[in-house]
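# Results of the structural survey
Okay, here's what each chain looks like letter by letter:
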Amino acid sequence: MRIFFTCLLSFILICPYLAKAQNDARVTGSITDLPSKQPLEFVNIILKNQKDNKVTKHEVTDKKGKFILDNIPFGTYYILCTYIGYSDTKSNVFILDINHPAADLNLQMSGTGKQLNEVEISAKKALFTNTIDRKVYHVDMDLTAKSGSASDVLQNVPLVQVDIDGNVNLRNSSAMILINGKVSPLMSGSNAAAALQQLPANSIERIEVITNPSAKYKPDGAGGIINIVLKKNTKRGLNGNATVNAGNRDRYNASTALNYNTGRLNIFGSYSLKQDDRVRTIQNDRIQTDPKNGSVNDYHDYTLARARPFSNLATLGFDYTLDEKNSFGVSVNYYLRNMNKHDLVNKKVESAANGNQDYDRKRENHERESSSGTAAYFEHLFNKPEQKLRLELNLDHKPEIEDNHYTNTYRLPLIPDELDNTLIKQTTDNRHVNLGYEAQVGKEGKFEAGYAGQFNKQDMDFYGAAFDQKKQMFVTDLTKTNHFIYNENVQALYSTFSTAYKKISLMLGLRGEYSNLDSRLITTGISVPNSYFKLYPSLHLGYMLEENKELQLNYSRRVRRPEADDLNPFPEYPDPTNVKVGNPYLLPEIIHSVELAYQWRKGGISVLPGIYYRYTYNRFTAITEPLNDSVLVTRQQNLASDQAIGADVVVSGSVGEQLNLSFTPNVFYSTIDASNLGYSSKKSTITWSANLNATYAITKGTSLQVNSIYKSARLTPQGKYLPSFVMNCGVRQDILHKKASVYITVSDIFRSIRQEAQLESPLLTQHMLTKNNSRISYLGLSYNFGVVKKRKDLQFDNSVQ
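Definitions and limits used
Residues numbered from 1 in each chain as written. Predicted model: local features only at pLDDT ≥ 70, side-chain atom pairs only at ≥ 80, totals over all residues. Heavy atoms only, no water. Pairing = 2+ DSSP bridges. Helix = DSSP H or I, 4+ residues; strand = E, 2+ residues; numbered from the N terminus. Axes fitted to C-alpha atoms, helices over the stretch in contact; angles between N-to-C directions. Buried < 20%, exposed > 50% of the residue type's maximum accessible area, 1.4 Å probe, protein only.

Before going further, it helps to examine the sheet that holds strand E34 (residues 578-581). Here 4 strands make up an open sheet; going across it, the order is E33-E34-E38-E37 and the pairing mixed. Looking along the sheet, the strands with just one partner apiece sit at the ends: strand E33 (572-575) and strand E37 (620-626). With direction set aside, neighbouring strand axes in the sheet form an average angle of 30°. By the bridge criterion, 7 bridges tie E37 to strand E38 (residues 632-638) in an arrangement that is antiparallel. Bridging from a neighbouring strand, glutamate 625 pairs with valine 633 of E38.

Dropping the structure here:
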């Protein structure tokens, strides 16, 4: 560990000198949108030598549309600007010499696309774009995204962690996952992991990571926000793309997207499907002591689980510009996932008090999950510059059915087979409304205010039945039959003000939320209401040390609210010896988050180190305890407090013209206080992880990509998770004048993905090892096409995001 810290510190200190200047020539400038005069962020800036048209430098614009190119040899150059949905823009030729060591360019880009076969750019877009307030991962530059799922791509995103079950964390804490900037029922609760594993990565344009959001955003998620932005083309004319992939174990997926843009009207749609195949093994060994008589019981489970989920995702919508001041749009989406599971669990029990058991528990399961949503917006621009009003409405409905049939076949003792069934019906309904106002204040100031209301309902209906040998029929099992409804209404008012003076930038924000919650236990007739009002302030303070160096201090108060699964007190039985129970009195987590960040960019290299501190009240933790001498019960509890401090560095850049590297080490120290749960002493741990991504251009049209992820051991209140490692790779070949590409991807080359956990308490010792068939290979083809009309009027992009 000491060696790692030394290497990490050395790396941070020497990075600013990697691109030591060879001469003093510099090019600066800004890029704005032609009709709106607004700055454009993430525009690719390519500096080319006029003599041979070779790329000398490349960079992307920051949030103010500005760019800086340093250490340029004297010569004659021009700038090429490229951006999705805009025409390529070329500057006039300029000279850099001893008498003209600097050039400042102000360029404007129009939203007219070029025909795809006319565009040839020798400099590729960066995989990562680092800014001081967010990290943007450009999914189309990741070979994994051509064939994998959203869950696969998220593993490669800086600061994001994904476990073997698909659960997503941000900086080792929970994150709020958004789709196009909006809360989706697909991304809530335990279903989020399954949805991310089935969401095709090739339907994603980019992933934004916001570690300390302003008061404009919902304060949910201790680690911050992960925003998944789906593809939506806005180019003129008819444009589209299609992707087909075939994998091992009869896996396949395909997607297509189309848009037709006349200028005032943009119609867009997409469809994707995915057939997956999963095989999982779980080895679970535990020693349990009966607190009453001190007898010891040994349990050994080995699970072989097979599943073949099939998913569909479709979107359709339009944007329409009424005039220069008013526009509106409507979009609909539909998601459907069907899955059949076949599980076989071999269970062996050695018990002096209850006798030995040896039997198989077989599970046949069918799941059907769907989600339909509608989004609409209206936007009005006022006469004053940069002043607008935007209204957004979102409706989502998500029903889910899980039908389980179990059979216990005994070898010891010799008794007849036992049969039991569970039918689980869950429905989620979300209604969201947002009204936002923005106005420019002076030259550098900006004021934002708005209202956000979310009205959510989750209905969970469980039915259990067991086969009665005497009656020769299934009868209702009252211990597994229950009905639970959870209503969550949250209404908020927010306001932010940002300004800048010389080298200092400031953003202040305040969000007030009134939450009205109600947990209704329909089976027992009990209601557990809860309502509260809380303020969530935010502060973002920046100081520009130099044009390419910025320091920022951020603070925000955040919350993590319990999901319906966490609150439902009725037991759920994964198997007869393990019970999951919710806690209707679980309190929301309250998090104070502070972050100190520094950004340095030079010569195509970007370095973004950060130090963060979080203090959490009422942190959630899963506690497993013996219910009796043979059954374990797991429920969420609130810790007294949790403190964490971490440091990470997001480094990305190009080494020459062929190699692009990114490296993200992260160190995390946490201390938990579980004294309120009966644990006398505090626990602390240091964990670290590292993510390395490398792309090498073998030839002009051939590229190789390798990424690897390592996670060290981490502690829990009752034990620890052991380290894990994975490496993936892919090769892509461009064909048909770069309008298409073929590629091969292989995930988990060394079959090293696993999750190993140890649990130790006075009455329970447990060891669990979970493995997947994670070595997955795909052969795929991607094709882009477009027929672009000449521009007749202005183009507006009013995405529902």
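This paragraph deals with unusual backbone geometry. In this model, leucine 412 is joined to proline 413 through a cis peptide bond whose omega is -5°. You can see proline 413 is positioned in the loop between strand E25 (388-412) and strand E26 (418-441). Although it is not a glycine, arginine 249 sits at a positive phi angle of roughly 55°. For arginine 249, the position within the fold is in the loop between strand E18 (237-247) and strand E19 (252-261). A relative accessible area of 41% places arginine 249 in the partly exposed class. Unusually for a residue other than glycine, lysine 738 sits at a positive phi of about 70°. Residue position: lysine 738 is located in the loop between strand E45 (724-735) and strand E46 (740-747).

With 7 of 8 residues buried, strand E5 (residues 75-82) lies mostly within the body of the structure. As defined by bridge partners, strand E2 (residues 44-49) adjoins E5 across 6 bridges and the pair is classed as antiparallel. Note on E5: the bridge partner recorded for isoleucine 46 is leucine 80. Sheet topology note: the E5/strand E7 (residues 94-96) ladder contains 3 bridges and is antiparallel. Bridging across to E7, glycine 75 finds its partner in leucine 96.

It is worth stressing that arrangement in space is one thing and function is another; only the former is reported here.
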